[in-house]
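Each chain is listed here by its residues.
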Amino acid sequence: MKHFLLLTLFLIFLLQAGAQFGGGSTYDFLNLTSSARVNALGGNQVGMIDKSELSLSYYNPASLRPQMHNDITVNYIDYIADIRIGYAAYSQYREGIGTFAAGIQYINYGKLIHADEEGKILGNFYAGDYAFNLIYSRNIWENIHAGVNLKPILSTYESYNSFGIAADFGVSYVDSSGNFNAGLVIKNLGTQISKYSKTGTREPLPFDIQMGFSQRLAHAPFRFNVTMQHLTNWKLSDKSTWDFDNRSENEFVVGRSDDVFKQFMRHVVLGVEFIPTKNFIVGIGYNFQRQKELALKNTTGTAGLSGGFTVNVSKFRVSYAISSYHVSSTSHIFSISTNLSEFM
């Protein structure tokens, strides 16, 4: 555990200068959730290890385990507006080599209207993003695993196309009891290979460093999960805001900055699971940054809150989650997974 913490601190300070956040990058869809169980826990968990949950390898490639041999998972997200997201993956273990998984994530932005500069409707056009996932993981020392997720990316908006490549590097630790897990991930390290247009500029990827912890109680059916994200950028809020009610051209107003506690909480994703039996799990989550970004001025509503459940039915593992992004928008996620060896 001591070695894991030292490695965490070293990587955070080493890569501090490479931060990108919020609108300063392309392919931001890579940060969207793709698992019902993780979405129920706030939308991101990199420290949790579950040998029957293949979808966790999307968040931390080091969570891929030999016990996932022949696992397959399919996830569907009814996102906000007409946006639809899907993710599917399959894994294989090779003795003496490690565990491999291949997956694909796609986003369909729905029917979009094509109009000219005068507002004349010319028809509809398509927009979508795709990311392939080539994941590898193996044990490197005692209770520590390491993994990598290589992600070729294709993005297409009407007649504009872009291709890029990204990679996630992760490590995970499980103590001897199996109740405590920890993870560290360097996410979206890569480049945009081709630009959307010849006259455009090459944009950076949404690089991030994340670490998380998961603790299951030894004598109670609860698991607590914490993930720290955006560790390369401490200040996630800006005290300069647009005054929409009393604005004149190019006028900003200066608001109150977040105090130290609120700045800290913007980096935290919290999740709690109730596990009464091995076949049934209930989870709830809270994402403070999501709430602060999407809540209305006079009310927060349920923005930032999420919840869901996982149940084992026969040979299948089924999960559902609901997440609140805004008072007018909620997202529903469905996941189903199984082990193909069960049918052979």
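Small disclaimer: the values here were computed from a predicted structure and weren't measured.

### What about empty space enclosed by the protein?
Okay, step 1: Going through the model one piece at a time under the given rule, you end up with two cavities of 30 Å³ or more.
Okay, step 2: Each pocket or cavity is described by its volume, and for the largest cavity that value is around 50 Å³.
Okay, step 3: Taken together, Ala36, Arg37, Ala40, Leu41, Glu273, Ile281, Val282, Gly283, Gly308, Phe309, Thr310 and Tyr320 make up the lining of the largest cavity.
Okay, step 4: Residue composition of the lining of the largest cavity, by class: seven nonpolar, three polar and two charged.
Okay, step 5: The computed volume of the second largest cavity comes to approximately 30 Å³.
Okay, step 6: In this structure, the second largest cavity is lined by Glu53, Ser55, Thr73, Asn75, Arg317, Ser319, Ser335 and Ser337.
Okay, step 7: Within the residue set of the lining of the second largest cavity, elements represented by two or more residues are strand S1 (71-78), strand S17 (316-326) and strand S18 (329-339).

### Description of the nonpolar core
Across soluble globular proteins, nonpolar side chains have a tendency to be buried as a group.
Okay, step 1: Judged by nonpolar contacts, the single largest core of 19 residues is most densely connected at Tyr27, Phe29, Tyr79, Ile85 and Ile153.
Okay, step 2: Taken together, the elements giving at least two residues each to this core come down to helix H2 (36-40) and S17.
Okay, step 3: Ranked by size, the runner-up nonpolar core spans 15 residues in total, among them Val46, Met68, Tyr87 and Ala89.

### Considerations on the confidence of the model for the protein
Okay, step 1: Mean pLDDT over the protein: 86, with 85% of residues reaching 70 or higher.
Okay, step 2: Counted against residues more than four places away or in other chains, residues 1-22, with its pLDDT under 50, gives 38 contacts.

### A few points about the pattern of salt bridges
Okay, step 1: The final tally for this structure, using the stated rule, is eight salt bridges.
Okay, step 2: Where Arg37 meets Glu273, a salt bridge forms, and the shortest distance between an N and an O atom there is 2.8 Å. Residue Arg37 is located in helix H2, and its partner Glu273 is located in strand S14 (residues 268-277); the two are separated by 236 residues in the primary sequence.
Okay, step 3: Its relative accessible area of 1% is what places Glu273 among the buried residues.
Okay, step 4: Arg84 is the partner of Asp78 in a salt bridge, and the nearest nitrogen-oxygen pair spans 2.9 Å.
Okay, step 5: Here the residues in one salt-bridge network are Arg37, Asp50, Glu53, Arg223, Glu273 and Arg317, joined through shared partners.

### With respect to a nonpolar patch on the surface
Okay, step 1: The grouping of Val74, Phe316, Ile336 and Phe343 at the surface amounts to a nonpolar patch, some 350 Å² of accessible area in total.
Okay, step 2: In this fold, Val74 is placed in strand S1.

### Describing the pairing of strand S11 (residues 222-228)
Okay, step 1: As defined by bridge partners, strand S10 (residues 208-216) adjoins S11 across six bridges and the pair is classed as antiparallel. Directly across from Ser214, in S11, lies its bridge partner Asn225.
Okay, step 2: Counting the residues that bridge the hairpin from S10 to S11 gives five residues.
Okay, step 3: Here S11 runs beside S14; their pairing, made up of seven bridges, is antiparallel. Considered in S14, the bridge of Thr227 is made with Val269.

### Comments concerning the environment of Ile165
Okay, step 1: Secondary-structure assignment places Ile165 in strand S8 (residues 160-174).
Okay, step 2: Apart from residues lying up to four places away in sequence, Ile165 is in contact with Leu150, Lys151, Pro152, Ile153, Leu189, Gly190, Thr191, Ile193 and Leu205.

### Things to note about unusual backbone geometry
Okay, step 1: Phi is positive for Glu158, which is not a glycine, with a value near 55°.
Okay, step 2: Tracing the backbone shows Glu158 in the loop between strand S7 (144-157) and S8.
Okay, step 3: For His230, which is not glycine, the phi torsion reads 55° and is therefore positive.
Okay, step 4: In this structure, His230 sits in the loop between S11 and strand S12 (240-242).
Okay, step 5: By relative accessible area, which is 15% here, His230 ends up buried.

### Section: the packing of aromatic side chains
Okay, step 1: Per the counting criterion, the structure on display carries twelve aromatic pairs.
Okay, step 2: With centroids separated by 6.3 Å and ring planes inclined at 25°, the aromatic side chains of Phe180 and Phe213 adopt a geometry described as stacked. With Phe180 in strand S9 (residues 180-194) and Phe213 in strand S10, the pair connects residues that are 33 residues apart, well separated along the chain.
Okay, step 3: When its relative accessible area of 17% is taken as the criterion, Phe180 is described as buried.
Okay, step 4: Taking the centre distance of 5.4 Å and the plane angle of 40° together, the rings of Phe222 and Phe274 count as tilted. Of this pair, Phe222 sits in strand S11 while Phe274 is found in strand S14, placing the two residues 52 residues apart along the sequence.
Okay, step 5: For Phe222, a relative accessible area of 32% puts it in the partly exposed group.
Okay, step 6: An aromatic cluster is present here, built from Tyr58, Tyr59 and Tyr87 joined pairwise through their rings.

About the thresholds
What you see as residue numbers is a count from 1 along each chain, following the sequence as written. With the structure being a predicted model, the display of local features is reserved for residues of pLDDT at least 70 and the display and counting of side-chain atom pairs for 80 or more, all residues being used for whole-chain, interface and lining totals. Water and hydrogen atoms were dropped before computing side-chain values, which therefore reflect all heavy atoms in the structure. A cavity here means a set of points on a 1 Å grid, drawn over the protein atoms and nothing else, where a 1.4 Å probe fits but cannot get out; a pocket is an open set with protein on both sides within 12 Å along at least five of seven lines, and a residue lines either one if it has an atom within 4 Å of a point. Grid points are joined across faces, edges and corners, and a volume is the space filled by probe spheres set on the points. All amino acids are sorted into three groups, where Ala, Val, Leu, Ile, Met, Phe, Trp, Tyr, Cys and Pro are nonpolar, Asp, Glu, Lys and Arg are charged, and the leftover types, Gly among them, are polar. Every helix listed is a DSSP run of H or I at least four residues long, and every strand listed is a run of E at least two residues long, numbered separately from the N terminus. By nonpolar core we mean a set of buried residues, namely Ala, Val, Leu, Ile, Met, Phe, Trp, Tyr and Cys, connected to one another through side-chain atoms within 4.5 Å. Burial classification: accessible surface area is computed with a 1.4 Å probe over protein chains only, and a residue below 20% of its type maximum counts as buried, one above 50% as exposed, and the rest as partly exposed. One confidence number per residue, pLDDT, is output by the predictor and ranges from 0 to 100. Note on contacts: a residue pair is in contact if any heavy atoms of the two residues lie within 4.5 Å. Any carboxyl oxygen of Asp or Glu within 4 Å of a side-chain nitrogen of Lys or Arg constitutes a salt bridge here. Patch members must show over 30% relative accessible area and no salt bridge, and they are joined within 9 Å when carrying like charges or within 5 Å when they are nonpolar side chains of Val, Leu, Ile, Met, Phe, Trp or Tyr. Residue burial considers only the protein chains on display, and all accessible areas are found by Shrake-Rupley using a 1.4 Å probe. Two strands qualify as a pair provided that DSSP identifies no fewer than 2 bridges between them. Here the aromatic set is Phe, Tyr and Trp, taking the six-membered ring for Trp, and pairing holds for ring centres within 6.5 Å; pairs whose planes are under 30 degrees apart are stacked, those over 60 apart are edge-to-face, and all others are tilted.

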